[in-house]
Amino acid sequence: MGIYTHWGPVTLGSDDMPESDRASQWYASELYNPKSLAFDYHKKNFGDQTKVGYKDIIPLFTAKKFNADEWADLFVKAGAKFAGPVAVHHDNFAMWNSKVTPWNAVLMGPKRDITGELEKAYKSRGLKFLMTYHHGFAWKYYKYAFKYDAADSKYALLYTEPHKEGAPLSKRFLDQWLAMVDEGDSLYKPDMIWFDHELGEDIPPEYQKQMFADYYNWADRNHLESAVAMKHKEIHQYTGILDWERGREDKLVPYPWLTDTPLGPWFNNNNTPYRSADNLVDVLVDIVSKNGTMLLNVGPAADGSIPDRAKTLLLELGGWLKINGEAIYGTRPWKIYGEGTQNNKAG
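Our subject in this report is the structure included herewith. Residue numbers restart at each chain and count upward from 1, following the sequence in its written direction. Only residues with pLDDT of 70 or above have their local features reported here, since the model is predicted, and side-chain atom pairs are shown and tallied only from 80 upward, although totals for entire chains, interfaces and linings are computed over all residues. Note that the side-chain values use all heavy atoms of the structure and ignore hydrogens as well as water.

**Regarding the packing of aromatic side chains**
Put simply, two rings from Phe, Tyr or Trp (the six-membered ring, in Trp's case) pair if the centres are within 6.5 Å, and we call them stacked under 30 degrees between planes, edge-to-face over 60, tilted for the rest. Under the defined criterion, the tally for this structure stands at 25 aromatic pairs. An angle of 65° between the planes, with centres 5.6 Å apart, marks the rings of W26 and Y141 as edge-to-face. Of this pair, W26 sits in the loop between α2 (22–25) and α3 (27–30) while Y141 sits in helix α8 (residues 138–141), placing them 115 residues apart in sequence. The pair W26 / Y141 is uniform in exposure class, with both members buried. Ring geometry for Y215 and W218: centres 5.5 Å apart, planes at 25°, overall stacked. The way it works is that DSSP assigns letters per residue, a run of H or I at least four long becomes a helix, a run of E at least two long becomes a strand, and they are numbered from the N terminus. Exposure categories follow from relative accessible area, calculated using a 1.4 Å probe and restricted to protein chains: below 20% of the type maximum is buried, above 50% is exposed, and the middle band is partly exposed.

**Considerations on the layout of surface pockets**
Of the pockets and cavities examined, the largest pocket occupies roughly 830 Å³. Points on a 1 Å grid over protein atoms alone make up a cavity when a 1.4 Å probe fits among them but cannot get out, and a pocket when they form an open set with protein on both sides within 12 Å along at least five of seven lines; lining residues each have an atom within 4 Å of a point. F82, M192, P256, T293 and R332 are the residues nearest the centre of the largest pocket, which is lined by 24 residues in total. At the level of secondary structure, the elements contributing two or more residues to the lining of the largest pocket comprise β3 (128–133), β7 (257–262) and β8 (292–298). Tallying contributions element by element places β3 first for the lining of the largest pocket, with three residues. Residues are grouped as follows: nonpolar covers Ala, Val, Leu, Ile, Met, Phe, Trp, Tyr, Cys and Pro; charged covers Asp, Glu, Lys and Arg; every other residue, Gly included, is treated as polar. Per-class residue counts for the lining of the largest pocket are 14 nonpolar, five polar and five charged. Grid points are joined across faces, edges and corners, and a volume is the space filled by probe spheres set on the points. Approximately 220 Å³ is the volume found for the second largest pocket. Surrounding the second largest pocket, 18 residues form its lining, W26, H90, D196, E245 and W266 being those nearest its centre. The residue makeup of the lining of the second largest pocket, split by class, is five nonpolar, seven polar and six charged.

**Brief notes about the packing of helix α14 (residues 277–289) against helix α15 (residues 308–324)**
Two numbers describe how α14 lies on α15: the axes approach to 9 Å, and their chain directions differ by 50°. In terms of axis orientation, α14 runs oblique to α15. Of the two possible hands of crossing, α14 and α15 adopt the one that is right-handed. Residues A277, L280, V281, L284 and V285 of α14 touch α15, and the partners they reach there are L313, E316, L317, W320 and L321. Each axis is a line fitted through C-alpha atoms, and for a helix only the stretch in contact is used; angles between axes span 0 to 180 degrees, taken between their N-to-C directions. Between 65 and 115 degrees an angle is taken as roughly perpendicular, under 35 as roughly parallel, over 145 as roughly antiparallel, and anywhere else as oblique. Left-handed describes a crossing whose near helix is turned anticlockwise from the far helix through less than a right angle; right-handed describes the clockwise counterpart. By definition in these notes, contact holds between two residues if any of their heavy atoms fall within 4.5 Å.

**A word on the pattern of salt bridges**
Put simply, a salt bridge is a Lys or Arg side-chain nitrogen that is within 4 Å of an Asp or Glu carboxyl oxygen. In the structure shown here, the tally under the stated rule is 18 salt bridges. With a shortest N-O distance of 3.4 Å, R22 and E30 are connected by a salt bridge. Note on R22: relative accessible area 44%, which makes it partly exposed. A residue is classified by how much of its surface remains accessible, and E30, at 5% relative accessible area, is buried. One salt bridge connects D56 with K55, and the closest N-O pair in it is separated by 3.0 Å. Taking the relative accessible area as the measure of exposure, K55 reaches 14% and is therefore buried. Each of the salt bridges in this network shares a partner with another, and the network as a whole consists of K55, D56 and D149.

This is how it looks when you write it as structure tokens:
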């Protein structure tokens with residue numbers, strides 16, 4: 001089992017939205033959409049979009065309660081064996097000390113190397129280190145913003161350069177995408193990197209292949225056992241670990257795979273219910289029995305604290321694993337999955 005964290009300037013908007021739908025989870029995009037709940041919420045809480053855009057609320061993301069050691073201790077108690085941040089989400093804001101883009105957590109907002117602090121804290125406790133990259137979707141993510149401040153090309157490293165919906169990805173954007181991945185890998189030496197849906201849907205094959213080559217060659221030169229996870233079977237037939245978002249394989253398979261799934265919402269939302277510990281255990285056991293691994297998402301609050309209800313749930317899961325972990329860690333599935341005539345659906 002591993003744990004990762006959806007957290008960044010987006011959480012400023014998602015924390016207290018009335019409900020955790022697309023409006024809160026894609027706040028940096030939806031705040032510009034007049035049909036979204038986020039539009040009026042942003043006007044009320046931050047200001048009119050013609051004067052206050054996403055770029056303008058980033059300085060408010062100060063992360064004053066963020067403590068990498070506290071996160072690491074909690075995740076170890078939860079039973080995680082690997083952990084890491086969402087290093088960059090669809091908003092294109094790098095949570096590390098980047099030379100590729102000025103839109104990063106060292107120059108803005110927290111003015112701290114969030115990824116670097118987490119790398120040190122996790123590795124010092126024996127956890128393998130994960131970095132996840134979601135920024136290939138930024139080209140489409142900001143489609144509403146081009147009627148507002150994103151129309152100014154001086155903000156292109158954040159919003160992408162101004163373009164019409166459906167326009168092909170520019171070379172400048174693709175070069176930035178790849179450079180950010182390569183930079184993160186070289187700075188923090190992740191044992192695994194993970195990509196959201198845009199790797200197979202938006203990023204063209206030549207850039208996909210270059211990313212794989214860069215990472216695998218880097219790992220080989222540094223004598224590291226490293227892996228790439230992504231969500232596309234057409235890529236998986238050649239390389240990488242297949243990931244299912246909130247889903248699972250419906251049968252025992254010979255290859256390793258992942259399920260990424262959240263405790264509740266992806267980004268923290270105080271008005272959204274969480275799952276139960278019983279549900280998490282049931283899902284974890286089912287995943288492991290089919291040769292998979294759970295990648296569990298925790299959504300910290302905007303100030304960097306882990307919500308109390310998340311702590312409680314993680315400690316419950318960790319308590320179960322402390323007793324039953326022998327049947328989870330370092331195991332291999334039996335040659336037959338399941339018993340009887342049950343219907344094993346993904347879910």
